[in-house]
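Here is how the chains run, residue by residue.
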Amino acid sequence: MTARIIDGKSIAAAIRRRIADSVRKHVAHGLPRPGLAVIQVGDNPASSVYVSHKRQDCREVGFHSEAYELPAETRQEQLLALVGRLNMDPAIDGILVQLPLPQHIEAQAVIERINPDKDVDGFHPENIGRLLLRLPGMRPCTPSGVMTLLRHTGEPLDGKDAVILGQSSIVGRPMAIELLNARCTPTICHSRSRDLQAKVRRADIVVAAVGREQFVPGTWIKPGAILIDIGINRNAAGKLVGDIDFAAACAQAAWVTPVPGGVGPMTRAALLENTLLAAEQHSRLG
Ligand code: NAP
């Protein structure tokens, strides 16, 4: 079997075109452009790259965007006060606080300060609860982007056995709920899970979010499976790679996402989708 590649880059580009079109229509109807505020504390180089990509995406689709680059020594109360101001700012529909934050700031307190209606990362407990209860809300971006990729395969999802490798609050856990909501049967694995090989080998869908190169070798892959690689790692040659042995996946799976060009662009596209949704909700309420 030769796997088909799920091309996140082109699917995300199509989403951006659709969003840009919606923004043009909003503006033509006299509505304000959707507004996204991105806050970065400190100068983590990876965060700076992510933030600049997000601002570039905002420009491309015609969003209003504001960047807040705060020094690493910013106090938690100062950050909370900024989030509080942005919560009240009518030009801002979405607030994103780039993680990780410096150690002296409690990330959860900051996430919980964001108005859930502006929580375009989908990390606020209210939005996680709404996902769990299958109610509309802001969905965490990476799992939401993965669901879009899965739907693009055209494969029916209901009844499929899905294994999620990784149980983080922002990736693995919401991913499992998204798959459950799509009527899959999810199994979440973590560092204490036993016999991962047997679990992965049974899975129709594997979502890998561990952050270790070659974590899923070819011998674990069920022929015909759908493989979604969320992991981002730099290999010895300095190249970006995922968690799954890509060459083996191409030979054995039915579908596979590349790294880069798979889940990453979809996470960014899901952020734009959430911001547009927030703006539409705000203009309905306003
Ligand atoms: P994380 O918080 O570090 O979580 C990693 C998970 O992997 C944990 O649940 C951990 O289990 C599990 N794990 C570690 N070793 C394991 C083992 N030997 N067997 C089974 N499970 C094991 O990371 P994250 O934030 O979820 O991110 C995961 C990866 O996805 C990273 O490479 C990150 O860069 C990437 N990522 C990509 C995107 C994107 O848009 N493409 C977005 C977000 C994250 P325990 O909980 O038991 O420790």
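An account of the accompanying structure is given in this report. (Residues numbered from 1 in each chain as written. Predicted model: local features only at pLDDT ≥ 70, side-chain atom pairs only at ≥ 80, totals over all residues. Heavy atoms only, no water.)

## A look at the site of the ligand
Okay, step 1: Surveying the vicinity of the ligand reveals 19 residues, the closest of which are Gln167, Ser168, Ser191, Ile232 and Thr267.
Okay, step 2: Within the backbone of histidine 190, an N or O atom sits 3.4 Å from a nitrogen atom of the ligand.
Okay, step 3: At 2.5 Å from an oxygen atom of the ligand is found a side-chain nitrogen or oxygen belonging to serine 191.
Okay, step 4: Among the elements that take part in the shell around the ligand, helix α10 (residues 263-285) stands out by supplying 3 residues, more than any other.
Okay, step 5: A breakdown of the residues in the shell around the ligand according to their chemical character gives 8 nonpolar, 10 polar and 1 charged. (Near = heavy atom within 4 Å. Polar contact = N/O pair within 3.5 Å; in protein donor to acceptor, adjacent residues only side chain to side chain. Helix = DSSP H or I, 4+ residues; strand = E, 2+ residues; numbered from the N terminus. Nonpolar A, V, L, I, M, F, W, Y, C, P; charged D, E, K, R; others polar.)

## Some remarks on the pairing of strand β7 (residues 205-208)
Okay, step 1: Here β7 shows a buried face lined by Ile205 and Val207 and a second buried face lined by Val206 and Ala208.
Okay, step 2: Across 4 bridges, the pairing between strand β5 (residues 161-165) and β7 is parallel. By the bridge assignment, valine 163 is partnered in β7 with valine 206.
Okay, step 3: As judged from the 4 bridges shared by β7 and strand β8 (residues 226-229), these two strands associate in the parallel manner. By the bridge assignment, valine 207 is partnered in β8 with isoleucine 228. (Buried < 20%, exposed > 50% of the residue type's maximum accessible area, 1.4 Å probe, protein only. Pairing = 2+ DSSP bridges.)

## Some points on the packing of helix α1 (residues 8-28) against helix α6 (residues 141-152)
Okay, step 1: Running from N to C, α1 and α6 point in directions that differ by 105°, and their axes come no closer than 11 Å. The angle between α1 and α6 places the two elements in the roughly perpendicular class. Residues Gly8, Ile11 and Ile15 of α1 touch α6, and the partners they reach there are Thr148, Leu149 and His152.
Okay, step 2: Class assignment of the residues belonging to the contact of α1 with α6 gives a composition of 3 nonpolar, 3 polar and no charged. (Axes fitted to C-alpha atoms, helices over the stretch in contact; angles between N-to-C directions. Parallel < 35°, antiparallel > 145°, perpendicular 65-115°, else oblique. Contact = heavy atoms within 4.5 Å.)

## A closer look at a nonpolar patch on the surface
Okay, step 1: A surface patch of nonpolar side chains, amounting to about 290 Å² of accessible area, comprises Leu132, Leu133 and Leu135.
Okay, step 2: With respect to the helices, strands and loops of the structure, leucine 135 is situated in the loop between α5 (125-132) and α6.
Okay, step 3: The exposure class of leucine 135 is partly exposed, given its relative accessible area of 35%. (Patch = residues over 30% accessible without salt bridge, like charges linked within 9 Å, V, L, I, M, F, W, Y side chains within 5 Å. Areas by Shrake-Rupley, 256 points an atom, 1.4 Å probe, with all protein chains shown as cover. Salt bridge = Lys/Arg side-chain N within 4 Å of Asp/Glu carboxyl O.)

## A word on the nonpolar core
Okay, step 1: Core analysis: the biggest nonpolar cluster contains 45 residues, and Ile19, Phe63, Leu150, Leu179, Ile205, Val207 and Ile228 have the highest contact counts within it.
Okay, step 2: Each residue touching valine 207, except ones within four places of it in the same chain, is listed here: Val163, Ile164, Leu165, Met175, Leu179, Ile228 and Ile230.
Okay, step 3: Ranked by size, the runner-up nonpolar core spans 19 residues in total, among them Leu165, Trp220, Ala249 and Val256. (Core = buried A, V, L, I, M, F, W, Y, C linked by side-chain atoms within 4.5 Å.)

## Let's talk about the sheet that holds strand β1 (residues 4-5)
Okay, step 1: Ordered by their spatial adjacency, 6 strands build an open sheet running β1-β11-β8-β7-β5-β6, and the pairing between neighbours is parallel. Lying at the two open borders of the sheet, with one neighbouring strand each, are β1 and β6 (185-189).
Okay, step 2: Examined bridge by bridge, β8 and strand β11 (residues 255-256) share 2 bridges and lie parallel to one another. Note on β11: the bridge partner recorded for isoleucine 226 is tryptophan 255.

## A few points about the pairing of strand β2 (residues 35-41)
The side chains of a regular strand alternate between the sheet's two faces.
Okay, step 1: Most of β2 is tucked away: 7 of the 7 residues are buried.
Okay, step 2: What you see with β2 is no split at all: Gly35, Ala37, Ile39 and Val41 on one side and Leu36, Val38 and Gln40 on the other are buried throughout.
Okay, step 3: Examined bridge by bridge, β2 and strand β3 (residues 64-70) share 7 bridges and lie parallel to one another. Each residue of the ladder has a partner; that of isoleucine 39, found in β3, is tyrosine 68.

## Digging into the pattern of salt bridges
Okay, step 1: The full count for this structure, using the stated rule, is 7 salt bridges.
Okay, step 2: Where arginine 18 meets glutamate 273, a salt bridge forms, and the shortest distance between an N and an O atom there is 3.1 Å. Of this pair, arginine 18 sits in helix α1 while glutamate 273 sits in helix α10, and the two are 255 residues apart along the sequence.
Okay, step 3: Given a relative accessible area of 46%, arginine 18 falls into the partly exposed group.
Okay, step 4: A relative accessible area of 25% means that glutamate 273 is categorised as partly exposed.
Okay, step 5: The shortest N-O distance in the salt bridge between arginine 75 and glutamate 77 comes to 2.9 Å.
Okay, step 6: For arginine 75, a relative accessible area of 45% gives the class partly exposed.
Okay, step 7: Judged by its relative accessible area of 49%, glutamate 77 falls in the partly exposed class.

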